[in-house]
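Commentary on secondary and tertiary structure
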Amino acid sequence: MIKQEAKKERRTLRASRIQGQRGATNSRTLKSPWQDDLALGFVALFLCVLLLNSFEVQSSVCSLTYFPSMARESEPFVVTALVRNAAHEPRTYSINIFVDGLKVLESTSKLEGASLLSFTYTSGWPKLGSATRIYIEVLDVESGAVYSDSVLVPSSPPEVWMSFAAFSSFATSLLSSSSSSSSSAMSSTFTIVYYLNVMGLSSALGQSALPFFNVGLVMTLTLVLLLVFVEVTDPSYGKLAAWVTRLRRRYGLLATGLLLIFLGMVLTRVVMIIAG
Amino acid sequence: MEVQRKIQSPFHPALMSVAVLLIATEYVFVYVSESWGILLSLASALAIYGLMSVLELSQDLIEVLEDFTLLFLYIMLVSSLPWFFLRQDLLVPAAYSVVLALCFWRIRSRNSSIGSLGLSWRGFISNALIGIVAGVPAGAIEYYILTPLPATPAFDALQFLQTTVYMFFFVGLGEELLFRALIQRSIVNLVGAGPGILWSGLTFAAMHTVWRSVPELFFTFVAGLALGLLYHKTRNLVGPIFLHATNNIVLLAIMPYLA
């Protein structure tokens, strides 16, 4: 009898706690309903942009790579530009290559079906603190489509890309001609290689940036641990210490961020598998 | 009733530790290895969140640590997402959506509103004018430090419009919400106005290490102080947003065609 009463009491307590939490959430919602929507809206916008653009990744007509990936200031590096005709019939391409905004090559070539054309460019390794920007723009003369790719030497984090690539000379000449052409996504081999290296996803290439740590794996394991922590500390399971509740809320945000990164890695893998 | 706050030392150990950690993370990220930088930012976020939840800290210090941790999350997220899927011209809005999402999450979690943080119509025109007038010379000075190349062979109105939209609604809004409305405000509450603005300027400069330029670091530190002072004096975010956006528009969309 006593046991039953105690059980009943515990059930009532739990119900009132859950009710309390709901109440707290509701009062917050009443205070600023638009803030939740706005924050969610930005996340949704970001995900939509990411997903929609992933469909734009095409089998690139042109690509740029450079070697060696790390060099000393005085040593040269070689950039290889590849132009592919994936179609079965011959096509004519007009090719322009720019280095730091200056045109270094202009050529018109007819490529047989399923063939490849390559150009190489040699330059000195840029000084510490500066970067060389190489940009290729290929116009399919028959269809009028414009394709492009770019590399920033040395490889740089996305912030630098945002600064240089989004506003510098090689990046947006497409905009001025976008009314009459289709542009390829930024499917640069360089940036994919950069991402794969940094995240430790490039095991096939043997080029992982950290030989002992795999950043992608560390992040995934951290995500799993955080999700387990968030699950086992669910307030409905029983009384929690105040610090656990605080930690749960904060690690919840971190877990959301890691989940986005994990989805990005999965998306990359899926696209790579589909692209062969 | 106004609550009397206890002002802490400008060299509060927790503040110093987090700032050193942030500078170290940025340095490692830019000059040593991006992978180590990402791991360091993840470890920092885990450690700061863990310690501030377990230890009994003052509310002001907790606010500062919460806001600082957004920077580690920002470094981690922006460096670890597959941006190559995006068209280059969408990089800026996409990356700054991350900044804005983090800011709005933080504003929501502290039960605040963007209006109370200074984004309001009050004195809009005068604040906007102050921002524009100060932003033009600042952008010209920064141009001579970074000398960015023009985006198109000749001035393009569409390109200019795109840069303007990006700078006002993503870069200006995102960075000013993060550095001034959140970080500076909470540091000022902890250590007082003068040291708070200095700390926020230092943080702003530290986050510009990616340019790999010492003069640019100095410029962003001074610009951070000016933006912080403007925000503190006017209690309004419109002035700093206009100053920041105008500076960047002059730097990237006007000066490269004039110089």
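Residues numbered from 1 in each chain as written. Chains lettered and ligands numbered in written order. Predicted model: local features only at pLDDT ≥ 70, side-chain atom pairs only at ≥ 80, totals over all residues.

What follows concerns the packing of helix α6 (residues 157-191) of chain B against helix α9 (residues 238-258) of chain B. All names here are of chain B. The interhelical angle for the contact between α6 and α9, taken along N-to-C directions, is 140 degrees, at an axis separation of 8 Å. Put simply, α6 runs oblique to α9. For the pair α6 and α9, the crossing hand works out as right-handed. In this structure, α6 contributes Gln-159, Phe-160, Thr-163, Thr-164, Met-167, Phe-168, Val-171, Gly-172, Leu-173, Glu-175, Glu-176 and Arg-180 to the contact, and α9 contributes Pro-240, Ile-241, His-244, Ala-245, Asn-248, Ile-249, Leu-252 and Ala-253. (Axes fitted to C-alpha atoms, helices over the stretch in contact; angles between N-to-C directions. Helix = DSSP H or I, 4+ residues; strand = E, 2+ residues; numbered from the N terminus. Parallel < 35°, antiparallel > 145°, perpendicular 65-115°, else oblique. Left-handed = near helix turned anticlockwise from the far one by under 90°. Contact = placed C-beta atoms within 7 Å.)

Residues and elements named next belong to chain A. Here we have three strands laid out as an open sheet, ordered β1-β2-β5, and antiparallel in their pairing. The strands lining the two open edges of the sheet, one partner per strand, are β1 (62-67) and β5 (115-124). Recorded for the sheet is a direction-independent mean angle of 20 degrees between the axes of neighbouring strands. Pairing analysis gives ten bridges linking strand β2 (residues 76-85) to β5, with the strands arranged antiparallel. Following the sheet pairing, Phe-77 is matched in β5 by Ser-123. (Pairing = 2+ DSSP bridges.)

Attention now goes to the sheet that holds strand β3 (residues 91-99) of chain A. Residue and element names in this part refer to chain A. On the basis of which strands lie adjacent, the open sheet formed by four strands has the order β4-β3-β6-β7 and antiparallel pairing. Whereas interior strands pair on both sides, the edge strands pair on one side only; in this sheet they are β4 (102-111) and β7 (146-153). Strand-to-strand twist across the sheet, computed as the mean angle between neighbouring axes with direction ignored, equals 15 degrees.

One finds Tyr-74, Val-98 and Cys-103 of chain B to be the most contacted residues of the largest nonpolar core, which totals 100 residues. Two domains each put at least three residues into this core: domain 1 (62-199) and domain 2 (215-275) of chain A. Once residues lying within four places of it in the same chain are set aside, the contact partners of Cys-103 of chain B are Gly-174, Leu-177, Leu-178 and Leu-182 of chain B. Grouped together as the second largest cluster of nonpolar side chains are 20 residues, Leu-64, Tyr-66, Val-79 and Val-146 of chain A included. (Core = buried A, V, L, I, M, F, W, Y, C linked by C-beta atoms within 7 Å. Buried ≥ 20, exposed ≤ 12 C-beta atoms within 10 Å, placed from the backbone. Domains from an automatic or database assignment.)

It is worth spelling out the pairing of strand β6 (residues 132-140) of chain A at this point. Residues and elements named next belong to chain A. Here β6 lies mainly inside the structure; seven of its nine residues are buried. Pairing geometry for β3 and β6, over seven bridges, is antiparallel. Looking at β6, one finds that Phe-98 is bridged to Tyr-135. Where β6 meets β7, eight bridges bridge the pair, whose relative direction is antiparallel. Within β7, the position partnered with Leu-139 by the bridge is Val-146. Once β6 ends, the chain turns through five residues before running back antiparallel as β7, passing Gly-144 with a positive phi of about 80 degrees.

Residue and element names in this part refer to chain A. The predicted model of chain A has a mean per-residue pLDDT of 69, with 55% of residues at 70 or higher. Confidence over residues 18-31 falls short of pLDDT 50; this stretch has five contacts with residues more than four positions distant or in other chains. Residue range residues 164-190 is modelled with pLDDT below 50. Its contacts to residues more than four positions away, or to other chains, number 90 contacts. (pLDDT = per-residue confidence, 0-100.)

We now examine the environment of Ser-109 of chain A. Residues and elements named next belong to chain A. Here Ser-109 lies in strand β4. On the neighbour-count criterion, Ser-109 (14 C-beta atoms within 10 Å) is partly exposed. It is 46 Å that separates the C-alpha atoms of Ser-109 and Met-219, two residues lying 110 residues apart in sequence. Those residues in contact with Ser-109 that sit more than four places away from it in its chain are Tyr-93, Ile-95 and Leu-117.

The subject of this paragraph is the environment of His-232 of chain B. Mapped onto the elements, His-232 of chain B comes out in helix α8 (residues 214-234). A sequence separation of 48 residues divides His-232 of chain B from Gln-184 of chain B, and the C-alpha atoms of the two residues are 8.9 Å apart.

So, about α6 of chain B. Along an α-helix, residues three or four positions apart point the same way, because every turn accommodates 3.6 residues. Residues and elements named next belong to chain B. The sharpest bend along α6 reaches about 40 degrees and sits at Met-167. With 25 of its 35 residues buried, α6 lies for the most part within the structure. Positive backbone phi, approximately 100 degrees, marks Gly-192, located one or two places after α6. (Bend = angle between axes of the 7 residues up to and from the residue.)

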